[in-house]
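# Secondary and tertiary structure notes
For reference, the chains in residue letters:
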Amino acid sequence: MAARNRGFFEGRNIFCLNLVSSPGSGKTTILEKTMLALKPELRMMAIEGDQQTSLDAERIMATGVPVVQINTGMGCHLDARMVNRAMTDLPTAEHSILFIENVGNLVCPAMFDLGESKRVLIISVTEGDDKPLKYPAMFRSAHLCIINKTDLLPYVIFDVEKVIQNAKSVNPELEFIQLSAITGEGMGDWLEWCRRSVK
Ligand code: MG
Ligand code: ZN
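Computed from a predicted model, the values in this text were never measured in an experiment.

### Looking at the coordination of the zinc ion (ligand 2)
Those protein atoms acting as donors to the zinc ion (ligand 2) are Cys76 (SG), His77 (ND1) and Cys108 (SG), and they sit at 1.9 to 2.2 Å. In terms of primary sequence, the donors binding the zinc ion (ligand 2) are separated according to C-H-x30-C. Placement of the pair is His77 in the loop between strand E3 (67-71) and helix H4 (80-87) and Cys108 in the loop between strand E4 (96-101) and strand E5 (118-124), with a sequence separation of 31 residues.

In structure tokens:
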């Protein structure tokens, strides 16, 4: 099913991102800011995954981007079948970006290929810089690691160089972008990464 999704996306030049992280890393806030910034130039869609509620879908909807909420109930990750079903409820546009916000969980979403083009792992500076060593599967399967909430660095014990070094020890290919979705610092690098990736 993941391969079928991937073929569907590639055939339409839809750049599909699977956003994974622990709960509270700022995925939805990054998406809101990204959508408001890129709306004038790019077509976007979103799938929101949470155990319960449509709170995140409502936040995305407020930006004007088409969105489908998936509730996993007792489930702790999205799978390719859920994404496939959600796509039938989204108006698909060619040369666009599909953001899939996975259920906040650093463990099993690593094991489920959704058919995405790239996997983006978001960590925040309020988490430990030892996370890559404790949850290596997630860091190994990601292409890009966003380090969010950099505006809080003066107030927390978090060594950016150390987290990058730890993450590279499990995935030498991993790219990094440091940003604060709240202040906007570093958001330009992320927006440019998105722009470059859409065909
Ligand atoms: Mg969220
Ligand atoms: Zn799970």
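### Topic: helix H8 (residues 187-197)
Within H8, the full set of buried residues consists of Met187, Trp190, Leu191, Trp193, Cys194 and Ser197. The arc enclosing the buried residues of H8, seen along the axis, measures out at 155 degrees, which places them on a common side. Across from the buried face of H8, at angles greater than 90 degrees, the exposed residues are Asp189 and Arg196. Along its buried surface, H8 packs onto strand E1 (14-21), helix H2 (27-38), E4, E5, strand E6 (144-148) and strand E7 (175-178).

### Some thoughts on a nonpolar patch on the surface
On the surface, Val107, Met111 and Tyr135 cluster together to form a nonpolar patch covering roughly 280 Å² of accessible area. Position of Val107 relative to the elements: it lies in the loop between E4 and E5. Relative accessible area serves as the criterion here: at 45%, Val107 is assigned to the partly exposed category.

### Side note on the packing of aromatic side chains
Following the criterion strictly, the structure yields 3 aromatic pairs and no others. Seen from their ring centres, Phe8 and Phe9 are 5.9 Å apart, and the 75 degrees between their planes marks the pair as edge-to-face. According to the relative accessible area criterion, Phe8 is partly exposed, its value standing at 27%. Exposure remark for Phe9: the relative accessible area of 1% places this residue in the buried category. Aromatic side chains Trp190 and Trp193 sit 5.7 Å apart centroid to centroid with 20 degrees between the ring planes, which places their arrangement in the stacked category. Within this pair, Trp190 and its partner Trp193 are both found in helix H8, separated by 3 residues, close to a single helical turn. For Trp190, a relative accessible area of 0% puts it in the buried group. Overall, the relative accessible area of 4% leaves Trp193 in the buried class.

### Observations concerning the pairing of E7
Sheet analysis places E6 next to E7, joined by 4 bridges and oriented parallel. Bridging from a neighbouring strand, Leu144 pairs with Glu175 of E7.

### Remarks on the sheet that holds E3
With parallel pairing, 7 strands are arranged side by side in an open sheet as E3-E2-E4-E1-E5-E6-E7. Strands at the two margins of the open sheet, each flanked by one partner only, are E3 and E7. The average undirected angle you get between the axes of adjacent strands in this sheet is 20 degrees. Looking at chain direction, strand E2 (residues 43-50) and E3 are connected through 5 bridges and run parallel. Along E3, the bridge assignment pairs Asp50 with Asn71. The sheet contacts of H4 involve E2, E3 and E4, and relative to E3 the element is tilted by about 145 degrees.

Conventions and cut-offs
- Residues numbered from 1 in each chain as written.
- Chains lettered and ligands numbered in written order.
- Predicted model: local features only at pLDDT ≥ 70, side-chain atom pairs only at ≥ 80, totals over all residues.
- Heavy atoms only, no water.
- Donors = N, O, S within 2.8 Å, 3.2 Å for Na, K, Ca; no water.
- Helix = DSSP H or I, 4+ residues; strand = E, 2+ residues; numbered from the N terminus.
- Buried < 20%, exposed > 50% of the residue type's maximum accessible area, 1.4 Å probe, protein only.
- Arc of directions from axis to C-beta.
- Contact = heavy atoms within 4.5 Å.
- Patch = residues over 30% accessible without salt bridge, like charges linked within 9 Å, V, L, I, M, F, W, Y side chains within 5 Å.
- Areas by Shrake-Rupley, 256 points an atom, 1.4 Å probe, with all protein chains shown as cover.
- Salt bridge = Lys/Arg side-chain N within 4 Å of Asp/Glu carboxyl O.
- Phe/Tyr/Trp six-rings, centres within 6.5 Å; stacked < 30°, edge-to-face > 60°.
- Pairing = 2+ DSSP bridges.
- Axes fitted to C-alpha atoms, helices over the stretch in contact; angles between N-to-C directions.

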